[in-house]
Amino acid sequence: MKAPRQPYIVVGLIAFLAILFVSIARGQFSSILDSEHNLSTLGRGKIRASSEEQVCIFCHTPHNAAPIQPLWNRSVPVENYTVYSSNSMQALPGQPTGSSKLCLSCHDGTIALGSVTSRGQPIAMAGGMTTLPPGSSNLGTDLSDDHPISFRYDQSLAARDGKLASPAALPAPLHLDSRGELQCTTCHDAHNDANGKFLVMNNSDSRLCRSCHLEPGTNIAGHDECASCHQSHSAPSGPYLLRGKTVSLTCVSCHDSSSDPKKGANIQSELSKPSKHDTNVRVNLVNNAPDNIGCADCHESHTMQSDTATAPDISPRLGHIDGVNAAGAPVARAQFEYEVCFKCHADRSATTPAVTRQSGQNNKRLQTASTALSYHPIQVAVRNSDVPSLRPGLSAGSLIYCSDCHGSDSSKKAGGSGANGPHGSAATPLLIAEYRTADGTAESATAYALCYSCHERNSILANQSFTRHASHIVDDRTPCSVCHDSHGVVPGDGVQMNGGRALINFDISVVQPDPVTHQLKFTSGGSGRGECYLSCHGVAHSPKSY
């Protein structure tokens, strides 16, 4: 009676040995008996059958198998899945195919774990469990928050993407299916858990991830491990597979108020200040609206370096980020810091001027260009070499960063110990020091601390660059901003100047046209000299000469 069964025992043994040898060939082998895929009653995982002692039966059977290799013992899901998609995705994933559908027969939660084709009734599971409990193993039918599968990974895709390895260069443990598609089995071996999470190879130092994903690299601590920011399944962000719901929430999960120096600078506290870059935004924007700013708009996290730079060169801490150049053209990799700022603060300006000016031009690219009437030296050095108020270390040929003025008030640049950069500040608008613009402000080292960080206060009050500085800002309590536009002044818009000196662009909420000549203008007469046609604080200048 037992003899007829021997061939089937032999077939089953051969099948088991085949699986064993394939798994061994891929690397260190760990028996399925010791893994969570052992769903028998003898299994060591939390999920197991109530009485079934067979191990392979939950996926395979030597008889009455479904017409699917390898001797498949389960139904195949037929539901339509929501597949992964993102702005950075160069492939076009379709509905799951091949071995991925076999994996999903358990992992999408639509088919009972004990439902096998070789049995008339489902295998009973301990505790009355039918499907995998909610969590990372139960992916559901929405795969938009999981690593894409079932797409053709070929040389054409690698070339289009530019950051993917050639399929011919993939290490032996990573294999595509017979159609050249990436499947769940490219990364996972259901029979071997030696590397944890059933991975086909050890992912220490992100070796598995970097087998496909090529990045130039970074020396910023914590940025060299893919898993620090990304998770392959059930990612809260969906697109980009981030550990946080947004790019910024992912970043501040490390860059928080923790005292652990390995987590980097405390950016979270900066983003709670009154003036900040708005970073708590959605990901995968179709229309990159200017009011949706994320950490990734300024930082390319995979290529950041801890080195330093001098103005106007871009800081390596921003990485290989894109920008807009001085001509207004998009560039794939910014060379200068201001090119990153120009993405939002130039032709698609997202800010409202803090001061109502005679010239309303708010395009920072044009305001700081060499064609402007006068400008702070962001892009090029100033034309006027006569600037007697500059502090030691600065000269008329010096160049400065946007972030020399716009940044944290507690940063190292501001004399504190916090992170540099325009993350957040108590001084509006996102300034490293106070710059008060309200008419009637009493002059002090604090009120105009931003100006005095480059311009000697004693020189200004001693009238070395303008004979009436002290009387204006001390006696009349006229803020610097009433006369000077800190970024630059563009020709046109009613501004009349001779030579374009001194960043003159009047605050028209304080300064009105001269009632006699009906003009509102400043005419430069050279170093420290000029004429004003205006009315200010009830005093008519028709004109007044200096």
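Once a new chain begins, its residue numbering starts again from 1 and follows that chain's sequence as written. Reporting of local features is limited, given that this is a predicted model, to residues whose pLDDT is at least 70; pairs of side-chain atoms are given and counted only at 80 or more, and all residues count toward the totals for whole chains, interfaces and linings. For the side-chain quantities, the full set of heavy atoms in the structure was used; hydrogens and water were omitted.

Student: Give me the overall build of the chain: which residues, what numbers.
Tutor: The secondary structure content of the chain amounts to 12 helices and 12 strands. Counting only residues that meet the buried cut, the chain has 39% of its 546 residues in that class. Of the contacts made within the chain by residues no fewer than 6 positions apart, 52% connect residues no fewer than 24 positions apart. What sets the accessible areas is the Shrake-Rupley method with a 1.4 Å probe; for residues, cover comes only from the shown protein chains. Surface summary for the chain: the accessible area is close to 27700 Å², and the carbon and sulfur share equals 55%. Numbered from the N terminus, helices here are DSSP runs of H or I no shorter than four residues, and strands are runs of E no shorter than two. Each residue's exposure class comes from its accessible area (1.4 Å probe, protein chains only) as a fraction of the maximum for that residue type: buried when under 20%, exposed when over 50%, partly exposed otherwise. Throughout, a residue-residue contact means that at least one pair of heavy atoms, one from each residue, lies within 4.5 Å.

Student: Which residues make up the confidence of the model for the chain, and what values go with them?
Tutor: Per residue, pLDDT measures the predictor's confidence, with a range of 0 to 100. Considering every residue of the chain, the mean pLDDT works out to 88; 89% of them sit at 70 or more. Within the model, pLDDT remains below 50 along residues 1-27, and this stretch shows 12 contacts once partners closer than five positions in the same chain are excluded. Confidence drops under a pLDDT of 50 for residues 284-291, and excluding neighbours within four residues, the segment shows 14 contacts in the predicted structure.

Student: Can you lay out the pattern of salt bridges for me, pointing to particular residues and giving the numbers?
Tutor: Any Lys or Arg side-chain nitrogen found within 4 Å of a carboxyl oxygen on Asp or Glu counts as a salt bridge. The full count for this structure, using the stated rule, is 13 salt bridges. In this structure, Lys-273 engages Asp-409 in a salt bridge whose closest nitrogen and oxygen atoms are separated by 2.9 Å. Of this pair, Lys-273 sits in the loop between α6 (247-252) and β3 (275-276) while Asp-409 sits in the loop between β6 (374-375) and β7 (424-425), and the two are 136 residues apart along the sequence. Among the ionic pairs, Asp-322 bridges to Lys-343, the shortest N-O distance being 2.9 Å.

Student: Now, about the side chain of Thr-246: what can you tell me, with residues and values included?
Tutor: Tracing the backbone shows Thr-246 in the loop between α5 (209-212) and α6. You can call Thr-246 buried: its relative accessible area is 7%. We call two N or O atoms a polar contact when they sit within 3.5 Å, provided that within protein one can donate a hydrogen and the other can accept it, with sequence-adjacent residues counted only if both atoms are side-chain atoms. A polar contact of 3.0 Å, which involves the side chain of Thr-246, links it to the backbone nitrogen of Leu-249.

Student: Please provide a residue-by-residue account of unusual backbone geometry, values included.
Tutor: Across the junction of Ala-311 and Pro-312, the peptide omega takes the value 5 degrees, indicating a cis bond. Backbone geometry at Asn-64 places phi at a positive 55 degrees, although glycine is not the residue there. Summarising the element assignment, Asn-64 is placed in the loop between α1 (6-26) and α2 (98-107). For Asn-64, a relative accessible area of 65% gives the class exposed. For Phe-198, which is not glycine, the phi dihedral falls at a positive 55 degrees. In this fold, Phe-198 is placed in the loop between α4 (184-187) and α5.

Student: Describe helix α7 (residues 337-345), listing the residues and the values that go with them.
Tutor: Counted residue by residue, α7 has 7 buried out of 9 residues, so it is predominantly covered. Within the sequence span of α7, burial applies to Glu-337, Tyr-338, Glu-339, Val-340, Phe-342, Lys-343 and Cys-344. Turning to α7, the residues buried within the fold contact β4 (323-324), β5 (330-331) and α8 (364-367).

Student: Give a description of the pairing of strand β11 (residues 529-536) that names residues and reports values.
Tutor: Counting buried positions over the 8 residues of β11 gives 6, a clear majority of the element. The pairing of strand β9 (residues 511-512) with β11 spans 2 bridges and is antiparallel. Paired with Gln-512 across the two strands is Ser-535, which belongs to β11. The pairing criterion for strands is at least two bridges between them, as found by DSSP. Summarising the sheet, strand β10 (residues 521-526) and β11 pair through 5 bridges and their orientation is antiparallel. Bridging across to β11, Thr-523 finds its partner in Glu-531. The hairpin turn running from β10 into β11, its antiparallel successor, is 2 residues long, and Gly-528 in that turn takes a positive phi close to 70 degrees. As paired elements, β11 and strand β12 (residues 539-545) share 5 bridges and run antiparallel to each other. Bridge assignment links Glu-531 to a residue of β12, and that residue is Ser-545. Counting the residues in the hairpin turn of β11 and β12 gives 2 residues, including His-537, whose phi is positive at 55 degrees.

Student: Mind laying out the nonpolar core, listing which residues take part and the relevant values?
Tutor: In terms of nonpolar packing, the biggest core is built from 20 residues, with Phe-151, Tyr-153, Leu-157, Leu-174 and Leu-208 touching the most fellow members. Tyr-153 has contacts with Leu-164, Ala-165, Pro-167, Leu-170, Leu-176, Gly-180, Glu-181, Leu-182 and Cys-212, leaving out every residue within four places of it along the chain. As used here, the term nonpolar core means buried Ala, Val, Leu, Ile, Met, Phe, Trp, Tyr and Cys residues forming a set that is joined through side-chain atoms within 4.5 Å. Judged by nonpolar contacts, the second largest core, of 12 residues, contains Ala-427, Leu-431, Ala-433 and Ala-447.

Student: I'd like a rundown of the packing of aromatic side chains, residues and numbers included.
Tutor: Note on ring pairs: Phe, Tyr and Trp rings are taken, using the six-membered ring of Trp, and paired if centres are within 6.5 Å. Classes follow the plane angle, with under 30 degrees stacked, over 60 edge-to-face and the rest tilted. As enumerated under the stated definition, the model contains 4 aromatic pairs in all. A centroid spacing of 5.3 Å and a plane angle of 15 degrees characterise the contact between Phe-336 and Tyr-338, whose relative ring orientation is stacked. Note on Tyr-338: relative accessible area 7%, which makes it buried. For the ring pair Tyr-448 and Tyr-452, a centre distance of 6.5 Å and an interplane angle of 85 degrees mean the geometry is edge-to-face. In this structure, Tyr-448 and Tyr-452 share a single accessibility class: buried. Taken together through their ring pairs, the aromatic side chains of Phe-336, Tyr-338 and Phe-342 make up a single cluster. As a reminder, the over-ring test applies to NZ of lysine and CZ of arginine, requiring each to be within 6 Å of the ring centre and within 35 degrees of the ring normal. The aromatic ring of Tyr-533 is capped on one face by Lys-521, whose charged end is 4.9 Å from the ring centroid.

Student: Give a detailed account of α2, specifying residues and quantitative values.
Tutor: Restricting attention to buried positions, one finds in α2 the residues Ser-100, Lys-101, Leu-102, Leu-104, Ser-105 and Cys-106. Here the buried face of α2 lies against α4.

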